[in-house]
Amino acid sequence: MRKGKKILIIDDDELLVSMLERVLIDEGYEVKSETDIKGALSKIWRFMPDIVILDINFPGGSGIDLLRELKEQDISTEFLMLTADDTAKTAVMAMKLGAADYLTKPVSMEEIKVVIDKLIRHKEFKNELEYHRTIASTIFEDEFIGESEITKQLKEKAKKLAQARVQNILITGESGTGKELMARYIHKLMYDGNHRSRMIPFIAVNCAALPETLLESELFGYEKGAFTDARTGKKGIFEMANGGTILLDEIGEMRPSIQSKLLRVLETKSIRRLGGNEEVPVDVTIIATTNRNLKEAVRSGVFRDDLFFRISTFYIHIPPLRERREDIPILAKYFLEQFSFKYNKKNIKGFSRESENILKNYYWPGNVRELKNLIERLVVLETAEEILPSHLPNWLTEKVGLDTKDYKKDSSRFILPETGISLEELEKDLIIQALKRARYNKALAAKLLNISYDSLRYQIKKFRIDEEIEEPGLET
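Scope of this entry: the structure provided in the associated data block. (Residues numbered from 1 in each chain as written. Predicted model: local features only at pLDDT ≥ 70, side-chain atom pairs only at ≥ 80, totals over all residues. Heavy atoms only, no water.)

A look at the overall build of the protein chain
Then comes step 1: Of the regular secondary structure elements, the protein chain holds 20 helices and 16 strands.
Then comes step 2: Counting across all 476 residues of the protein chain, residues that qualify as buried make up 47%.
Then comes step 3: Counting only contacts in the protein chain whose residues sit at least 6 apart along the sequence, the fraction spanning at least 24 positions is 70%.
Then comes step 4: As displayed, the protein chain offers around 24,600 Å² of accessible surface, 49% of which is attributable to carbon and sulfur atoms. (Helix = DSSP H or I, 4+ residues; strand = E, 2+ residues; numbered from the N terminus. Buried < 20%, exposed > 50% of the residue type's maximum accessible area, 1.4 Å probe, protein only. Contact = heavy atoms within 4.5 Å. Areas by Shrake-Rupley, 256 points an atom, 1.4 Å probe, with all protein chains shown as cover.)

What to know about the packing of helix α8 (residues 212-220) against helix α10 (residues 256-268)
Then comes step 1: Relative orientation of the contacting elements α8 and α10 amounts to 15 degrees, with a least axis distance of 10 Å. Here α8 is positioned roughly parallel relative to α10, judged by the angle of their axes. Crossing of α8 over α10 shows left-handed handedness. Contacts between α8 and α10 involve Glu212, Leu215, Glu216, Leu219 and Phe220 from the former and Ser257, Ile258, Lys261, Leu262 and Val265 from the latter. (Axes fitted to C-alpha atoms, helices over the stretch in contact; angles between N-to-C directions. Parallel < 35°, antiparallel > 145°, perpendicular 65-115°, else oblique. Left-handed = near helix turned anticlockwise from the far one by under 90°.)

Re the sheet that holds strand β10 (residues 245-249)
The strands that make up a sheet are held in pairs by hydrogen bonds between backbone atoms, and each pair lies either parallel or antiparallel.
Then comes step 1: Ordered in space as β9-β10-β13-β8-β14, the five strands form an open sheet in which the pairing is parallel. Edge positions in the open sheet fall to β9 (202-206) and β14 (315-317), since each of these has one partner strand only. Here the strands of the sheet are splayed against their neighbours by 15 degrees on average, with no regard to which way each runs.
Then comes step 2: On top of the sheet, helix α6 (residues 149-163) reaches β8 (168-172) and β14; it is set at about 165 degrees to β14, its chief contact. (Pairing = 2+ DSSP bridges.)

Observations concerning the pattern of salt bridges
Then comes step 1: What the rule picks out here adds up to 22 salt bridges.
Then comes step 2: Asp101 is paired through a salt bridge with Lys118; the nearest N and O atoms lie 2.7 Å apart. Of this pair, Asp101 sits in strand β7 (residues 101-104) while Lys118 sits in helix α5 (residues 109-135), and the two are 17 residues apart along the sequence.
Then comes step 3: Residue Arg292 pairs with Glu253 through a salt bridge whose shortest N-O separation is 3.9 Å. In this pair, Arg292 is assigned in the loop between β13 (285-290) and α11 (294-299) and Glu253 in the loop between β10 and α10, connecting sequence segments 39 residues apart.
Then comes step 4: A residue is classified by how much of its surface remains accessible, and Arg292, at 32% relative accessible area, is partly exposed.
Then comes step 5: Glu253 sits in the partly exposed class, given a relative accessible area of 30%.
Then comes step 6: Through salt bridges with shared partners, a single network forms among Asp11, Asp55 and Lys105. (Salt bridge = Lys/Arg side-chain N within 4 Å of Asp/Glu carboxyl O.)

Focus: the sheet that holds strand β6 (residues 78-83)
Then comes step 1: What the five strands build is an open sheet, ordered β2-β1-β3-β6-β7; its pairing is parallel. Every interior strand has two partners, whereas the edge strands, β2 (30-34) and β7, have only one. Direction aside, the axes of adjacent strands within the sheet are offset by 20 degrees on average.
Then comes step 2: Here strand β3 (residues 51-55) runs beside β6; their pairing, made up of five bridges, is parallel. The residue bridging Leu54 from the neighbouring strand is Met81, located in β6.

So, the environment of Met109
Then comes step 1: Residue placement: Met109 occurs in helix α5.
Then comes step 2: When the C-alpha atoms of Met109 and Leu20 are compared, they prove to be 7.3 Å apart, with 89 residues separating the residues in sequence.
Then comes step 3: What Met109 contacts, discounting residues up to four positions off in sequence, is Leu16, Met19, Leu20 and Val23.

Notes on the environment of Leu294
Then comes step 1: Of note, Leu294 is situated in helix α11.
Then comes step 2: Residue classification places Leu294 among the buried positions, given a relative accessible area of 4%.
Then comes step 3: With 122 residues separating them in the primary sequence, Leu294 and Thr172 have C-alpha atoms 9.2 Å apart.
Then comes step 4: What Leu294 contacts, discounting residues up to four positions off in sequence, is Leu170, Ile251, Gly252, Phe303, Phe308 and Ile311.

Some thoughts on the nonpolar core
Then comes step 1: Leu219, Phe238, Leu248, Ile251, Met254 and Ile311 are the most contacted members of the largest nonpolar core, which totals 30 residues.
Then comes step 2: Of all the secondary-structure elements, those providing two or more residues to this core are α8, α9 (237-240), β10, α10, β13, α11 and α12 (305-311).
Then comes step 3: For this core, the element with the highest residue contribution is α10, accounting for five residues.
Then comes step 4: Apart from residues lying up to four places away in sequence, Ile251 is in contact with Cys207, Leu262, Ala288, Thr289, Thr290, Leu294, Phe303 and Ile311.
Then comes step 5: In this structure, Leu336, Ile348, Trp364 and Ile375 belong to the second largest nonpolar core, which totals 25 residues. (Core = buried A, V, L, I, M, F, W, Y, C linked by side-chain atoms within 4.5 Å.)

Digging into unusual backbone geometry
Then comes step 1: Along the chain, Lys105 connects to Pro106 via a cis peptide bond; the corresponding omega equals -5 degrees.
Then comes step 2: Within the element layout of this structure, Pro106 appears in the loop between β7 and α5.
Then comes step 3: Non-glycine residue Arg165 carries a positive phi angle of around 50 degrees.
Then comes step 4: Relative to the helices and strands, Arg165 resides in the loop between α6 and β8.
Then comes step 5: The backbone of Trp364 sits at a positive phi, close to 50 degrees, despite the residue not being glycine.
Then comes step 6: Examined against the element boundaries, Trp364 turns out to sit in the loop between α14 (353-361) and α15 (367-381).

Remarks on helix α18 (residues 442-449)
Then comes step 1: For α18, the complete set of buried residues consists of Lys442, Ala445 and Ala446. Across the axial projection of α18, the buried residues extend over an arc of 100 degrees, all falling on one side.
Then comes step 2: Looking at where α18 begins, the residue whose side-chain oxygen comes 3.1 Å from the main-chain nitrogen of Ala443 is Asn441. (Arc of directions from axis to C-beta. Polar contact = N/O pair within 3.5 Å; in protein donor to acceptor, adjacent residues only side chain to side chain.)

A word on the pairing of β3
Then comes step 1: With five of its five residues buried, β3 lies for the most part within the structure.
Then comes step 2: Burial along β3 is two-sided: Ile51, Ile53 and Asp55 and Val52 and Leu54, pointing in opposite directions, are all buried.
Then comes step 3: Judged from the four bridges that link them, strand β1 (residues 6-10) and β3 form a sheet pairing that is parallel. Looking at the pairing, Ile10 lines up with Leu54 of β3.

Side note on helix α3 (residues 63-72)
Side chains that are three or four residues apart share a direction in an α-helix, a result of its 3.6 residues per turn.
Then comes step 1: All buried positions along α3 are accounted for by Gly63, Ile64, Leu66, Leu67 and Leu70. Buried positions in α3, seen along its axis, are confined to an arc of 160 degrees and lie on one side of it.
Then comes step 2: Sitting at the head of α3, Ser62 places a side-chain oxygen 3.1 Å from the backbone nitrogen of Ile64.

What follows is the structure, encoded as structure tokens:
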């Protein structure tokens, strides 16, 4: 618990400071000190300690005034006040201003250890309470839903990366495929054995949504006076996520100047706040996501090749939803349960077989996000116990070529009205045509079909195409 916890001692009694430093370092804390009240404020913002041990009386200054100023700035640090005054007046004043506790000099080293331990536990409890308040109104999704062969392979790869505690991971895929969800899933797997795993920080930042200057200050923090509006110092995301995970969403949109600073963090395991000179060590797992082709971005000069190689050593590509159709009914049911609970619509029991088939045979250009949005709309607007084809929006049924009035109740699969050919048969035929055109080169066939190589191999196995066509190049 003490590892990584920081304590700052502010007292003009150098002998006492020396004794406190020795005792607290032996207890496993990271300790710094300051004997001049005038330099204390900047030292606090640079070090950002968990606890400040602060003397009340200084020649030419007051610990009470410093406490008052810091509490007005809403600092999260806990303060333990020391006073040589044996009356309760100054101690009461300190407690009213927000001090966590106080001790009267001369202080016992054993008493100091007990009080510090209590304050650390109290601070962790407050952090945990704040965390649960933050997530109480949201559905915390940390599971990657699906039972298709592709999804099982993705989960297995995520498990291996999590067990190895890999610190740099790149997740690629189209918009809406679930890249952030996969990142949360990996984070959960990494700390699943820890009973406080939900307290280990996971912080996501959208690299495309923030302008360059703001993104830099959000990531690395800044010192007081670093720019015009920097009236106080601030921790950046790297410091706040220390010991946990940072998700850099859409890293392909990050400007080259920030890319170079990120690369330095990956190499040195430390950051430097804007306007600061001190190196702050950080230990974080960085998961980057992108829907761009980063190799092409490197070739065109908009993404650094050294950063690309650093973050892509371990990567996961999430295929679009249309390539893992077996997951669609499972995801639809999952979202239905989630939104039924959220909107208190427990009367909706599920989807008819026909509706499931329609969902499975739609192209889903917006991927899982589009499916999720559709299910939320259905839950809010519909009152039936079962979602039927007639409840689905026209744009969906029209795009799969279906007139819901002519849909047969006993259909087990969707048949193209004009041809009588099922989509599965059509899909199989397209794969065979692509293989023939590519002279049975699977990598080239996958490009022709605009799907991943792994997806093509899965489809070949699923349709048993390699059993029907005996040609060179189809061995898997």
